[in-house]
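Structure assessment
As a plain string of letters, each chain reads:
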2 protein chains.
Amino acid sequence: MAAKGKQSQMAQWNRSGYFRSSGSRDVNPDLQAERQTASFSVERLTTILDGGADNTRTRRAVEAVIHSDPGFSRENQYFQSQNERYEAAVRKSVHLKEKMHQMGWTENRPEIKYCYRALGGDLAFNVHRVFKNSILALGTDEQIAKWIPPADKYHIIGTYAQTELGHGTFLRGLETTAVFDISTQEFTLNTPKISAMKWWPGDLGRSATHAVVFAQLYIKGKCYGLHAFILQIRSLCDHSPVPGVIVGDIGPKMNFEHIDNGYLMLQNINIPRENMLSRFSQVLPDGTYVKQGSDKINYLTMIVTRVQMLWTEVIPMLLRACTIAIRYSVVRRQSKLNPSDPEAKILDYQTQQQKLLPLLATAYAFHFMNAFVNEFYNKGYTEIKQGNFDSLPELHALTSGLKAIITDYCTAGAEVCLRACGGHGYSALSGLPFLYTKLVASCIYEGENTVLFLQTARFLVKCLAAAHSGQPIPASVAYLSSVGSGKCKAWTKTDFLKPDIYAEAYRHRATRLLGNAATKLQALVQSGAEQYEAWNKCTIQLVQAAKAHCHYIIVKNFIDTVEKLKNEAEIQKIVKHLCDLFALHGIFSNTGDFLHAGYISGDQMDMVTASYLDLLAVIRNDAVPLADAFDFTDESLNSALGCYDGHIYQRLYEWAQKSPTNQQVSRAYARYLKPLFQSAPSKL
Amino acid sequence: MAAKGKQSQMAQWNRSGYFRSSGSRDVNPDLQAERQTASFSVERLTTILDGGADNTRTRRAVEAVIHSDPGFSRENQYFQSQNERYEAAVRKSVHLKEKMHQMGWTENRPEIKYCYRALGGDLAFNVHRVFKNSILALGTDEQIAKWIPPADKYHIIGTYAQTELGHGTFLRGLETTAVFDISTQEFTLNTPKISAMKWWPGDLGRSATHAVVFAQLYIKGKCYGLHAFILQIRSLCDHSPVPGVIVGDIGPKMNFEHIDNGYLMLQNINIPRENMLSRFSQVLPDGTYVKQGSDKINYLTMIVTRVQMLWTEVIPMLLRACTIAIRYSVVRRQSKLNPSDPEAKILDYQTQQQKLLPLLATAYAFHFMNAFVNEFYNKGYTEIKQGNFDSLPELHALTSGLKAIITDYCTAGAEVCLRACGGHGYSALSGLPFLYTKLVASCIYEGENTVLFLQTARFLVKCLAAAHSGQPIPASVAYLSSVGSGKCKAWTKTDFLKPDIYAEAYRHRATRLLGNAATKLQALVQSGAEQYEAWNKCTIQLVQAAKAHCHYIIVKNFIDTVEKLKNEAEIQKIVKHLCDLFALHGIFSNTGDFLHAGYISGDQMDMVTASYLDLLAVIRNDAVPLADAFDFTDESLNSALGCYDGHIYQRLYEWAQKSPTNQQVSRAYARYLKPLFQSAPSKL
């Protein structure tokens, strides 16, 4: 009765024009006004961000296909339980496979990337891809021929079982064992204790039929270290666990509920000799262990995974968060700026600009950085494939540090966007909680960020030592060997808009922090500390140095990107402003690093602040067009606050109607409340 | 079949001693070892934190009652849907009411506070309490006599409907209307447009029968501003909405799923004249509007809500997060520090200490600050009740700023704890995602933090002007008028362990930042800017100044607390270390603020760093006892990682078994996967 009453009243209110449906094509006038004053062509900037008009066309074509197919709808995503999200992800992944086949999109074509973007990421079988990649990298040709075709067709689903309950980062510590038995020509795999249980692998909990399992190889009682083995874990007939296998789901997480992260215990699982992945090491029938070729190429798997995650799972999430929060901030009006005016758009408050506009600049900085990293990776990959491993340490250090700094910043950024939208940002329907909880995971998976910063730091310390002893060092760290000026040369606040000035400041900071950490390290060792002990005592400072290095690399790449836009005057101008804002915000937020040794003086820092605040006002005017240029579809954003038309209140209301909490009367009423209410005084 | 196979295998593995049940009473030896070397009596520190041995006894007695009652179990909390969490919260709240009656605990006794702590916060009817408080504050004696008794007994459930879809912070902008009709002696309430819909009030979505609604009062066409009205929104017989009322739930949020935050639209709802809360203003039958007494006391409601939320919803959450992460960090071993040793406890890594130990110090700082604020509030409250409103501005400014800085730090701290536990921290079963998502809301509700910092800043600017013109200013800001030394007087790193030295540094920083912001503000106004425009252009710097002021207040209070422990040598020593760590970490993390004007030199900052790093190693040794002293029960922590016995892996495994994802076979298998697997090659 309640529901019926509501409906008829709603109909009445709608007739009276009380609601403007969010399906209407008109755009909120406040949002429209922002678009009319853009200082540049949004379409042109979009094509630059896409890497060319062809890509933009392809992307939009893919989006049109995906969004017109109800099988890919994300309408109920925010209302789903862990079970429902998993089921939807499997359904969509299988459907996508069919769609791709139907459209003639293959895995190597760019369409797949755009599908992922359009779908916002809630797909299954990501680790199945890692399963395949590991076979392609570590398997012999025979192994590849046997396993890849059925995996490609989803006739089997694989997982990559590396991490254990007790071990993540430190791979050598993994405890699963694989013992070779010459008499049977089999490996026997075991989980010797609870901390050795595989824990976290995606697609393992409820989907996978097979797994690449990492285990310590034992032959005749001798341990040969970690190796990868393929084994079946569930029946292909009825999906029941293979005898000796205990497998299940690890339960709820902060997000990633669409993924069935699982656990796996093995009790005397026997597999044939040919199930050890044997491109680089082999066990012969008589138990002889043979190592062949270099397995350095393994690092590439780790590197490419980090590179890919940045542009699929991380950077786009910050772009989305910025789009949502910036559009909201020009529709939302709150409080008065001028007491005689109507309430002000919240983006007109300096504090709101401080929250969102540096993030917008950061989104651009990371997008451009990503383009560079891809290029750098492809170059390194070609060399390595040709057997030249020279670029591997630099590639590894660069991608480690960038993965860490970019995931850190994107996570913090998503929280800022959420909070900048106030209570409505905290509603799941804003899409922002989803972005934050997804991003914070990226700080942990594929290498925990502190560990990664320290890997970069280790490389930097080595390079610094090499530079000091006159050896050549890679291009990205060459600046470490140059002795820069001791004082910043800026005299006015506009000097701080010169890329040379701020780039030099970032270089100086990174060089100083690294130099100090390295000096401390050396002093500790010289005073008798063990190397490991000295290293541990310097790690806080080494992380600072690695961050400063990565920050410099990103600023430098932004500057280079601006220079390359010299034939696009209008675009170059606004992108230069973003570059300035990114660089000056970084100084403004880390003043101590620049003031410490007096490179920038207190007076100069005041100029930085003044220039930074001026830039906020400049970027404010183009904030909406700059967010629009990311060109996310409403379906892909899936946010009640971030839609292109700006009808935030209508959408919040309409979406809330679909919540299960409005679809059923809670048992709480009949069970607990009704008996109480019956005792209320009759006259109230 | 799968489930059965799993069970029998588990039984077999258990027999072989493979699992040690997490129910056993033995403690993980790594955790046990940490406790044996405590430098102080944990029990003694616990009683100090509780405010005396009597309180500790009462608290533990309450915890025993609550935890022995299965009606309060939180066992399945992390697996529940929004519907289920709401139902559980209502059930527990009604049950708690009965329990309190049975135990003779009244709402004013301390037991209720300990119930809340034991239950970890997932209770309903929090806004029902605000409903009651608003009637008590704004209602006449007759209104109180009529509404409070049934509300006390839950015979009616009320909500406090203030916030609207389009308005949160800016109350004057609320759009709901209440028009007085002399002919009927009634008010007619309306929601004139969509942005005026009440949105977010707790207990509104599915529970409330009544509401205190804030609306613009109109009499004979004239607006008299915001007033509060009591109205019934749902039937007491069948809970259906009263005709003209549209009410529902706003849907999923990042957390707070146990609360039915709701929306409310009113269409020509008529209520009698006596339903306007009339202690401070009244509408007479002839339409005459009468204002009586001062309604300044209204501020007290806002202030007490902020004070209460800090000790119920905010600070304890940081204490919990620290307890979980620190216990985990001495059980978790990962990687090697010394290559010839076993894997190291992760708390032995300097970077892990850097993440968790300053947070532990912060938890203590906030706990002690809270004790001070309560005292300060009670004193102010007594004065105000006696008609002396002098302390109101200071009380308001102090509680605003502290609410903002404490919720900011606690939220950031919960994220740090989550990430410091790696992947296992990201599991919902760690309890850390729950703490973070709860805390981040506290930055938004009861005043958005940026807005609150600016309220504190406004007070500080006024005080500074008063001080400059020789007028008296309140005690907490008296330091602003004293001209401090221009240089820090520390000569060695141990000088930075002197409270006078660091307190003076914090004072200097706050004074400088406020002075600069005020000077800029004045200059802008003098150069012709409108006051509001000048203010907006200084807000970023004003927020910095307000933060620096609050930071100083907390450091100062920590120093005072240490001094008061002079009869507890052992405790005083460790608490002094925490105070030093809190203060030096604050300088280390904000170096620029102290270096800018040269108050601390670069060389001195190196001493700060050295002292800070030394302190990490000192606190490391007592980290577990310091966390133990918070004395949370396992049931209250509800974390697979944080239990007292340290059996983290067993608990993760056992809890995961209860997940709904392990209780049912997903339809995804039969629908989408089975058909694919049937095509797999028969020989694999």
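This structure is a prediction, so every number in the text was calculated from the model and none was measured.

This brings us to the overall build of chain A. Looking only at helices and strands, one finds 22 helices and eleven strands in chain A. Here chain A has a C-alpha radius of gyration of 28 Å; the compact-globule value for 684 residues is 26 Å, and the two agree. Counting only C-alpha atoms and orienting by the principal axes, one finds that chain A spans roughly 90 × 75 × 55 Å. Split into buried and exposed, the 684 residues of chain A put 62% on the buried side. A separation threshold of at least 6 residues defines the contact pool for chain A, and within that pool the share at least 24 residues apart is 73%. In the structure as shown, chain A presents an accessible area of about 25600 Å², 53% of it carried by carbon and sulfur atoms. Of the side-chain charges in chain A, 72 are positive and 63 negative, and the distance between the mean point of each set is 3 Å.

Right, let's get into the pairing of strand S9 (residues 269–272) of chain B. Residues and elements named next belong to chain B. Covered by surrounding structure in S9 are Ile269 and Ile271 only, the residues Asn270 and Pro272 on the alternate face being uncovered. Relative to S9, strand S3 (residues 186–190) is paired through four bridges, and the arrangement is antiparallel. Bridge assignment links Leu189 to a residue of S9, and that residue is Ile269.

We now examine the side chain of Thr661(B). Mapped onto the elements, Thr661(B) comes out in the loop between helix H21 (648–657) and helix H22 (667–677). Note on Thr661(B): relative accessible area 5%, which makes it buried. One polar contact links Thr661(B) to Asp249(A), side chain to side chain, over a distance of 2.9 Å. Among the polar contacts made by the side chain of Thr661(B), one reaches the side chain of Ser659(B) at a distance of 2.6 Å. With residues up to four places along the chain from it excluded, the contact list for Thr661(B) reads Gln82(A), Asn83(A), Arg206(A), Asp249(A) and Gly251(A).

This paragraph deals with the sheet that holds strand S8 (residues 262–266) of chain A. Sheet strands pair via backbone hydrogen bonds, and the direction of the pair is either parallel or antiparallel. Residues and elements named next belong to chain A. In space, the three strands of this open sheet follow the order S4-S8-S7, with antiparallel pairing throughout. Only two strands of the sheet have a single partner each, and these edge strands are strand S4 (198–199) and strand S7 (245–249). As judged from the five bridges shared by S7 and S8, these two strands associate in the antiparallel manner. Its bridge partner lying in S8, Gly248 is registered against Tyr263.

Turning our attention to unusual backbone geometry. The phi angle at Ser335(A) is positive, at roughly 65°, despite the residue not being glycine. Note that Ser335(A) resides in the loop between helix H9 (298–331) and helix H10 (350–385). Residue class for Ser335(A) comes out partly exposed when judged on its relative accessible area of 23%. With phi around 60°, Tyr154(B) is a residue other than glycine that occupies positive phi space. Among the structural elements, Tyr154(B) can be located in the loop between helix H8 (141–152) and strand S1 (158–161). On the basis of relative accessibility, which here comes to 11%, the residue Tyr154(B) falls in the buried class.

As a further point, take the relation of the copies chain B and chain A. Screw-axis analysis of chain B against chain A gives a translation of 0.0 Å along the axis, an RMSD of 0.0 Å, and a rotation angle of 180°. In short, the pair behaves as if placed about a two-fold rotation axis. The rotation axis passes nearest to the C-alpha of Gly592(B) in chain B, at a distance of 1.7 Å. When the interface residues of chain B are mapped onto chain A, 100% of them are again interface residues, pointing to one common binding face.

In space, the three strands of this open sheet follow the order S4-S8-S7 (chain B), with antiparallel pairing throughout. Of all strands in the sheet, those bounded by a partner on one side alone are strand S4 (198–199) and strand S7 (245–249) of chain B.

By the definition in use, this model includes 76 salt bridges over all chains. The salt bridge involving Arg651(B) is made with Asp645(B); its shortest N-O contact spans 2.9 Å. Of the residues examined, Asp645(B) reaches a relative accessible area of 5% and is grouped as buried. Linked by salt bridges that have partners in common, Glu43(A), Asp50(A), Arg59(A), Arg60(A), Glu63(A), Arg117(A) and Asp631(A) make up one network.

Moving on: the packing of helix H10 (residues 350–385) of chain B against helix H19 (residues 602–628) of chain B. Residue and element names in this part refer to chain B. At a minimum axis separation of 9 Å, H10 and H19 run at an interaxial angle of 65°. Between H10 and H19, the angle is such that the two are roughly perpendicular. When the axes of H10 and H19 are compared, the crossing they make is left-handed. For the pair H10 and H19, the contacting residues are Gln350, Gln353, Gln354, Leu357, Pro358, Leu360 and Tyr364 in the first and Tyr612, Leu613, Leu616, Ala617, Ile619, Arg620, Ala623, Leu626 and Ala627 in the second. For the contact of H10 with H19, a count of residues per class yields twelve nonpolar, three polar and one charged.

Once that is clear, we can look at the interface of chain B and chain A. In this complex, chain B contributes 157 residues to the contact, which on the side of chain A involves 157 residues. The junction of chain B with chain A conceals about 12400 Å² of combined surface from both sides, 63% of it contributed by carbon and sulfur atoms. Together, Tyr426(B), Ile540(B) and Leu684(B) form the three largest contributors to the area buried by chain B at its contact with chain A, with a combined 7%. Applying the counting rule to chain B against chain A returns eight salt bridges. Salt-bridge contacts for Arg419(A) lead to Asp408(B); the nearest nitrogen and oxygen are separated by 2.5 Å. Along the contact surface separating chain B from chain A lie 59 residue pairs in polar contact (both at pLDDT 80 or more). Class assignment of the residues belonging to the side of chain B that touches chain A gives a composition of 76 nonpolar, 53 polar and 28 charged.

Further remarks concern helix H7 (residues 126–138) of chain A. What sets the pattern is the α-helix's 3.6 residues per turn: residues three or four places apart point alike. All names here are of chain A. Relative to the 18 Å expected for 13 residues at 1.5 Å per residue, H7 spans 19 Å between its end C-alpha atoms, a close match to the ideal helical length. Of the residues making up H7, those classed as buried are Asn126, Val127, His128, Phe131, Lys132, Ser134, Ile135 and Leu138. Along its buried surface, H7 packs onto helix H6 (111–119), helix H8 (141–152), strand S1 (158–161), strand S5 (210–219), strand S6 (222–232) and H9.

It is worth spelling out the packing of aromatic side chains at this point. Enumeration according to the criterion identifies 45 aromatic pairs over all chains in this entry. Pairing Tyr78(B) with Phe434(B) gives two aromatic rings, centres 6.2 Å apart and planes at 65°, and the pair type is edge-to-face. Of the two residues, Tyr78(B) is situated in the loop between helix H4 (53–67) and helix H5 (82–103) and Phe434(B) in helix H13 (residues 432–442); the sequence distance between them amounts to 356 residues. Residues Trp199(B) and Tyr263(B) carry aromatic rings whose centres are separated by 5.6 Å and whose planes lie at 15° to one another, so their mutual orientation is stacked. Here the residue Trp199(B) occupies a position in strand S4, and Tyr263(B) occupies one in strand S8 (residues 262–266), the gap between them amounting to 64 residues. According to the relative accessible area criterion, Trp199(B) is buried, its value standing at 1%. Grouping aromatic residues by their ring pairs yields a cluster made of Tyr364(A), Phe368(A), Phe558(A), Phe582(A) and Phe630(A). In this structure, Arg117(B) is placed above the aromatic ring of Phe632(B), and the distance from its NZ or CZ to the ring centre is 4.1 Å. A cation sits over an aromatic face here: Arg458(B) above Trp535(B), 4.1 Å from the ring centre.

With that out of the way, let us pick up the side chain of Lys345(B). Residue and element names in this part refer to chain B. By the element assignment, Lys345 lies in the loop between helix H9 (298–331) and H10. Its relative accessible area of 10% is what places Lys345 among the buried residues. Within the structure, Lys345 has its side chain in polar contact with the side chain of Glu34 (distance 2.7 Å). Among all residues touching Lys345, those that are not within four sequence positions of it are Asp30, Glu34, Ser329, Val330, Arg332, Arg333 and Arg620.

On to the packing of H10(A) against helix H11 (residues 392–420) of chain A. Residues and elements named next belong to chain A. With their axes 10 Å apart at the nearest point, H10 and H11 run at an angle of 155° to one another. Classified by the angle between their axes, H10 and H11 sit roughly antiparallel to one another. In this structure, H10 crosses over H11, and the sense of that crossing is left-handed. For the contact of H10 with H11, the class distribution of residues is 20 nonpolar, five polar and two charged.

With that out of the way, let us pick up the nonpolar core. Nonpolar side chains in soluble globular proteins tend to be buried together. By size, the foremost hydrophobic cluster in this structure holds 338 residues, and its most contacted members are Tyr364(A) and Tyr364(B). Look past the residues within four positions of Tyr364(B) in its chain and what remains in contact with it is Leu45(B), Leu49(B), Phe558(B), Leu578(B), Leu626(B), Ala629(B) and Phe630(B). Core analysis: the next-biggest nonpolar cluster, separate from the first, contains 55 residues, Tyr669(A), Ala124(B), Phe131(B) and Ile156(B) among them.

Another aspect to go through is the environment of Tyr649(A). Turning to its location among the elements, Tyr649(A) is positioned in helix H21 (residues 648–657). As for Tyr649(A) and His424(A), which are separated by 225 residues in sequence, their C-alpha atoms are 9.6 Å apart. Setting aside residues up to four positions removed in sequence, Tyr649(A) forms contacts with Arg332(A), His424(A), Leu165(B), Gly166(B), Ile194(B) and Ser195(B).

The rules behind each value
Residues numbered from 1 in each chain as written. Chains lettered and ligands numbered in written order. Predicted model: local features only at pLDDT ≥ 70, side-chain atom pairs only at ≥ 80, totals over all residues. Heavy atoms only, no water. Helix = DSSP H or I, 4+ residues; strand = E, 2+ residues; numbered from the N terminus. Rg over C-alpha atoms; globule rule 2.2 N^0.38 Å. Buried < 20%, exposed > 50% of the residue type's maximum accessible area, 1.4 Å probe, protein only. Contact = heavy atoms within 4.5 Å. Areas by Shrake-Rupley, 256 points an atom, 1.4 Å probe, with all protein chains shown as cover. Lys, Arg positive; Asp, Glu negative; His and termini not counted. Charge placed at Lys NZ, Arg CZ, Asp CG, Glu CD. Pairing = 2+ DSSP bridges. Polar contact = N/O pair within 3.5 Å; in protein donor to acceptor, adjacent residues only side chain to side chain. Least-squares fit on C-alpha atoms with pLDDT ≥ 70 in both. Salt bridge = Lys/Arg side-chain N within 4 Å of Asp/Glu carboxyl O. Axes fitted to C-alpha atoms, helices over the stretch in contact; angles between N-to-C directions. Parallel < 35°, antiparallel > 145°, perpendicular 65-115°, else oblique. Left-handed = near helix turned anticlockwise from the far one by under 90°. Nonpolar A, V, L, I, M, F, W, Y, C, P; charged D, E, K, R; others polar. Buried area = accessible area lost by both parts, 1.4 Å probe. Expected span 1.5 Å × (residues − 1). Phe/Tyr/Trp six-rings, centres within 6.5 Å; stacked < 30°, edge-to-face > 60°. Lys NZ or Arg CZ within 6 Å of the ring centre and 35° of its normal. Core = buried A, V, L, I, M, F, W, Y, C linked by side-chain atoms within 4.5 Å.

Everything listed here is a matter of geometry and, on its own, says nothing about what the molecule does.
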